[in-house]
There are 2 protein chains.
Amino acid sequence: MPLPLTIGIVLFEGFELLDVFGPCEAYGSNHLDGTFKLLTVAAQAGAIASAQGPAAIADYSFNTAPHLDMLLVPGGIGTRREVGNPTLLAWLRARSTDATIVTSVCTGAALLARTGLLDGLRATTNKRAFAWVTSQGPAVNWIRQARWVEDGKFATSSGVSAGIDMALALISRLVSAEVASTVAIAMEYEWHRDPAGSLRENPRPRMTPQ
Amino acid sequence: MPLPLTIGIVLFEGFELLDVFGPCEAYGSNHLDGTFKLLTVAAQAGAIASAQGPAAIADYSFNTAPHLDMLLVPGGIGTRREVGNPTLLAWLRARSTDATIVTSVCTGAALLARTGLLDGLRATTNKRAFAWVTSQGPAVNWIRQARWVEDGKFATSSGVSAGIDMALALISRLVSAEVASTVAIAMEYEWHRDPAGSLRENPRPRMTPQ
């Protein structure tokens, strides 16, 4: 795949902070030397408040965004509203069709599912919102027991930190395993390399409440 | 400690995305039900570009920020410039003196060190920038082998993801271990609970380059 790649990060009110900025930390690592160019896009350019409060800037509106090679669709409480937003869904469908790689984190999969483009494909999402997300795409082959799933151009991950694991896996495939490991180490992040392993449903001892 | 607590998140051009938004994801979790109120503060209010590209909004300028119970000082390439910024250092010194808890992630410790307030205290920082950061505070008792260090009101962490581990540890102390575990699980984050363990200097097998 020709590099560099422009990643369009989709923002909407109530996006989940780490769904966006965990993967951005990986893709934007200085060890990648500009391999990925990160742009933020929303219905309107400007400040967009996250679910946790702090706001990010959308660099482009849906109408002004340049060609996007990759998409990153985050989750967050705002997805509950955006699944009923025909403007966002039409834009997402068109740009997903144009893009080479389309990713979602957490309940961002509900938005992709509503475009219809996941129908017949394997996908996953946050296990804590599984019933709601899967109801948005009854024709999708939802994989419950997965940290992330790749099928064709689509890569969908479970909740929050799973999006970082998936981003590192994509860097490994698109650039190299060595660079992906270097990025993870620079982030002091313990990369979960197994896409089939769901941390939440197979909690390790240290993840269980004390 | 009386709750809720207002956290002032210090932004400057070239801040490290995940140093800021990893801890914010934890403190802003809906499982904490508003225990922490997150405000972003910079020299001037408005858009502040991260080291990775995407920009966040500073809600307040240094002059307009309300009382801050806690501070979060991130790292990032911008710290190389800000250690020489007397306006930021004077503000940080005054607000750290007023605050109940002062935290830094990664090279954010260099900024705290330059205020002089860490002199004689134990602190840590990113091992990849250890020589530079420690040169900013020769009277600080720097602990190389630590994921994070608490001494008095100051809590300083190693790089990036270590800031999430420290935030969860603070939530555990300020709220409860049960809630902190719930937040980590909701983030699908494998919380490293041992402040003495440095992931980078003691890499686990999965962290070594493939």
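Above this text you will find the structure in question.
What counts and what doesn't
Residues numbered from 1 in each chain as written. Chains lettered and ligands numbered in written order. Predicted model: local features only at pLDDT ≥ 70, side-chain atom pairs only at ≥ 80, totals over all residues. Heavy atoms only, no water. Pairing = 2+ DSSP bridges. Helix = DSSP H or I, 4+ residues; strand = E, 2+ residues; numbered from the N terminus. Contact = heavy atoms within 4.5 Å. Axes fitted to C-alpha atoms, helices over the stretch in contact; angles between N-to-C directions. Buried area = accessible area lost by both parts, 1.4 Å probe. Salt bridge = Lys/Arg side-chain N within 4 Å of Asp/Glu carboxyl O. Polar contact = N/O pair within 3.5 Å; in protein donor to acceptor, adjacent residues only side chain to side chain. Nonpolar A, V, L, I, M, F, W, Y, C, P; charged D, E, K, R; others polar. Buried < 20%, exposed > 50% of the residue type's maximum accessible area, 1.4 Å probe, protein only. Least-squares fit on C-alpha atoms with pLDDT ≥ 70 in both.

> Give me the sheet that holds strand β11 (residues 154-157) of chain A: which residues, what numbers.
Strand pairing in a sheet relies on backbone hydrogen bonds. The paired strands run either parallel or antiparallel. Residues and elements named next belong to chain A. Across the sheet, seven strands lie side by side as β5-β2-β1-β6-β7-β11-β10; this open sheet has mixed pairing. Here the strands that pair on one side only, and so sit at the sheet edges, are β5 (60-61) and β10 (148-151). Bridge count for strand β6 (residues 70-73) against strand β7 (residues 101-105) is four bridges, and the pairing is parallel. Looking at β7, one finds that Val73 is bridged to Ser104. Taken strand by strand, helix α3 (residues 86-98) contacts β1 (5-10), β2 (36-42), β6 and β7, and its axis lies near 145° from that of β6. Running at roughly 150° to β11, helix α6 (residues 161-174) makes contact with β1, β2, β6, β7, β10 and β11 of the sheet.

> Quick rundown of the interface of chain A and chain B? Include the residues and the values.
Contacts between the two partners involve 48 residues from chain A, matched on the other side by 48 residues from chain B. A buried area of about 4500 Å², summed over both sides, lies between chain A and chain B, and 55% of it is on carbon and sulfur atoms. Our count for the chain A to chain B interface comes out at two salt bridges. Put simply, Glu188 of chain B and Arg147 of chain A hold a salt bridge, and the shortest N to O gap is 3.4 Å. Here chain A is connected to chain B by 17 residue pairs in polar contact (both at pLDDT 80 or more). Elements represented by at least two residues in the side of chain A that touches chain B include exactly α1 (17-27), β2, β4 (55-58), α6 and α7 (177-186) of chain A. When its residues are assigned to classes, the side of chain A that touches chain B shows 23 nonpolar, 13 polar and 12 charged.

> Please provide a residue-by-residue account of the environment of Ser176 of chain B, values included.
All names here are of chain B. Positionally, Ser176 belongs in the loop between α6 (161-174) and α7 (177-186). Judged by relative accessible area, which is 18%, Ser176 ranks as buried. Along the chain, Ser176 and Leu112 lie 64 residues apart, while their C-alpha atoms are 28 Å from each other. Here the side chain of Ser176 touches Val179 through a polar contact of 3.0 Å, landing on its backbone nitrogen.

> Now, about the relation of the copies chain A and chain B: what can you tell me, with residues and values included?
Its rotation angle being 180°, the transformation that places chain A on chain B also includes 0.0 Å of axial translation and leaves an RMSD of 0.0 Å. The superposition operator between the copies reduces to a two-fold rotation axis. Distance from the rotation axis, computed per C-alpha, reaches its smallest value in chain A at Ala56 of chain A: 2.0 Å.

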